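The primary structure of each chain is shown beneath.
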Amino acid sequence: MKTYKYLFFDIDDTLLDFQATEKEALRSLFAEQNMVLTSEDERRYKEINQSLWNAYENGKIERDEVLNTRFSTFFKQYNLEVDGSVLEKKYRSYLEQGHQLIDGAMELIMELHPHYELYIVTNGVSKTQDRRLRDSGLYPYFKKVFVSEDTGFQKPMKEFFDYVFDRIPSYTLGHGLIIGDSLSADIKGGQLSGIDTCWYNPLRKVNQSGVNPTYEIQHLKEIHEILPSMVKTSN
Ligand SMILES: [Mg+2]
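Residues numbered from 1 in each chain as written. Predicted model: local features only at pLDDT ≥ 70, side-chain atom pairs only at ≥ 80, totals over all residues. Heavy atoms only, no water.

Participant: Let's hear about the overall build of the protein chain: which residues, and what values?
Facilitator: Each helix and strand in the protein chain was counted, giving ten helices and six strands. The C-alpha atoms of the protein chain give a radius of gyration of 19 Å, which matches the 18 Å a tight globule of 235 residues would have. The principal-axis extent of the C-alpha atoms belonging to the protein chain is close to 60 × 35 × 35 Å. Here the protein chain holds 235 residues, and 46% of them are scored as buried. In the protein chain, 64% of the contacts between residues at least 6 apart in sequence involve partners at least 24 apart. (Helix = DSSP H or I, 4+ residues; strand = E, 2+ residues; numbered from the N terminus. Rg over C-alpha atoms; globule rule 2.2 N^0.38 Å. Buried < 20%, exposed > 50% of the residue type's maximum accessible area, 1.4 Å probe, protein only. Contact = heavy atoms within 4.5 Å.)

Have a look at this one:
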């Protein structure tokens, strides 16, 4: 079994429940418009949001355009004229408040902390991710937090990981492992940058991406099986 020293964790839907955070933020935003969020509204929002992010990933629009138009586009369906950038700011302030932990996340991080160097690697807005990590209680267990906004690159880009590795003293490539829920960002990124990968797949999604992780787990506690030194200490 391989010996790992550096563990790189994704945040959203790996350690913190972004689905729950997003839903709560949308609910608050709807309440401000005197509306009650239904599951159909939620589905519609996700559809619009996803298509804008796809356009961004394909180089058709800028990131700011995604953020500043998603709510104006969405509420137009309800014949509501809203200022997209104002709603985006409000939405972001609600997102910052959401920090529900994924089942087993805190226990895992506390157990790993004495034995490994733990790092966060996340795509997102620094202020938002920083606050959510602190409020969840996870923050003190990580040696460094790397947010794409600060690095100028994002997962899965190799440049993002090079930026991270360059900032870890005496980093050695063969001893890194990334743990995340996204095949296209976390697992692909790990592969591009030459580290082993662990796909957190709680919903047992079928992998049709062509990106194959080194390990796959359904629950965070299964990481014990990948990290043998931890098993020894907990026995
Ligand atoms: Mg994620």
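Participant: Lay out the packing of helix α4 (residues 84-97) against helix α6 (residues 126-136) with the relevant residues and their values.
Facilitator: Relative placement of two packed helices is described by the angle separating their axes and the distance separating the axes. Where α4 meets α6, the closest approach of the two axes is 8 Å, and the angle between their N-to-C directions is 25°. The orientation of α4 with respect to α6, classified from their angle, is roughly parallel. Mapping the contact onto sequence places R92, L95, E96 and Q97 in α4 and K127, T128, R131, R132 and D135 in α6. The class makeup of the residues in the contact of α4 with α6 is one nonpolar, two polar and six charged. (Axes fitted to C-alpha atoms, helices over the stretch in contact; angles between N-to-C directions. Parallel < 35°, antiparallel > 145°, perpendicular 65-115°, else oblique. Nonpolar A, V, L, I, M, F, W, Y, C, P; charged D, E, K, R; others polar.)

Participant: I'd love a proper account of the side chain of R70, names of residues and values included.
Facilitator: Locating R70 in the fold gives a position in helix α3 (residues 63-76). Within polar-contact distance, the side chain of R70 engages the side chain of N49 at 3.0 Å. Of the polar contacts made by the side chain of R70, one reaches the side chain of E88; its length is 2.9 Å. Each residue touching R70, except ones within four places of it in the same chain, is listed here: Y45, I48, N49, L52, W53, E65, E88, Y91 and R92. (Polar contact = N/O pair within 3.5 Å; in protein donor to acceptor, adjacent residues only side chain to side chain.)

Participant: Explain the domain arrangement of the protein chain to me, using residue names and the numbers behind them.
Facilitator: Split into domains, the protein chain comes out as domain 1 (6-16 + 100-226) and domain 2 (19-95). Facing six residues of domain 1, the contacting portion of domain 2 comprises seven residues. Three residues stand out in domain 1 for area buried against domain 2, namely D13, V125 and T128, and they jointly supply 52% of the buried area on that side. Looking at the side of domain 1 that touches domain 2 residue by residue, the class counts come to one nonpolar, three polar and two charged. (Domains from an automatic or database assignment. Buried area = accessible area lost by both parts, 1.4 Å probe.)

Participant: Please give an account of the pairing of strand β4 (residues 176-180) that cites residues and values.
Facilitator: Looking down a regular strand, the side chains alternate between one sheet face and the other. Burial analysis of β4 places five of its five residues in the buried class, which makes it a mostly covered element. Burial of β4 is two-sided: the residues G176, I178 and G180 facing one way and the residues L177 and I179 facing the other way are all buried. Relative to strand β5 (residues 196-200), β4 runs parallel, the two sharing four bridges. The partner of I179 across the bridge, within β5, is C198. Tracing the backbone out of β4, into helix α9 (residues 183-193) and back to the parallel element β5 gives a crossover that is right-handed. (Pairing = 2+ DSSP bridges. Right-handed = clockwise from strand over helix to strand, strands pointing away.)

Participant: Tell me what's going on with a positive patch on the surface, and back it up with residues and numbers.
Facilitator: Side chains of K5, K143, K144 and R167 sit close together on the surface and give a patch of like positive charge. For K5, the position within the fold is in the segment before β1 (6-9). With relative accessibility at 39%, the residue K5 sits in the partly exposed group. (Patch = residues over 30% accessible without salt bridge, like charges linked within 9 Å, V, L, I, M, F, W, Y side chains within 5 Å. Areas by Shrake-Rupley, 256 points an atom, 1.4 Å probe, with all protein chains shown as cover. Salt bridge = Lys/Arg side-chain N within 4 Å of Asp/Glu carboxyl O. Lys, Arg positive; Asp, Glu negative; His and termini not counted. Charge placed at Lys NZ, Arg CZ, Asp CG, Glu CD.)

Participant: Give me the lowdown on the packing of aromatic side chains, citing residues and values where you can.
Facilitator: Tallying each qualifying case throughout the model produces 22 aromatic pairs. Taken together, a centroid distance of 6.3 Å and an interplanar angle of 80° make the contact between F9 and F142 edge-to-face. Separated by 133 residues along the polypeptide, F9 in strand β1 and F142 in the loop between α6 and β3 (144-147) bring together distant segments of the chain. Comparing F9 with F142 shows no difference in burial state: the two are buried. A ring pair is formed by F74 and Y78, whose centres lie 5.2 Å apart and whose planes are at 65°; its orientation type is edge-to-face. Classification of Y78 by relative accessible area gives partly exposed; the value is 22%. One aromatic cluster is present, built from ring pairs that chain together Y6, F8, Y119, F146, F160, F161, Y163, F165 and Y171. The ring of Y139 carries the charged tip of R134 above its face, separated from the ring centre by 3.8 Å. It is R167 that lies over the ring of Y163; its NZ or CZ is 3.6 Å from the centre. (Phe/Tyr/Trp six-rings, centres within 6.5 Å; stacked < 30°, edge-to-face > 60°. Lys NZ or Arg CZ within 6 Å of the ring centre and 35° of its normal.)

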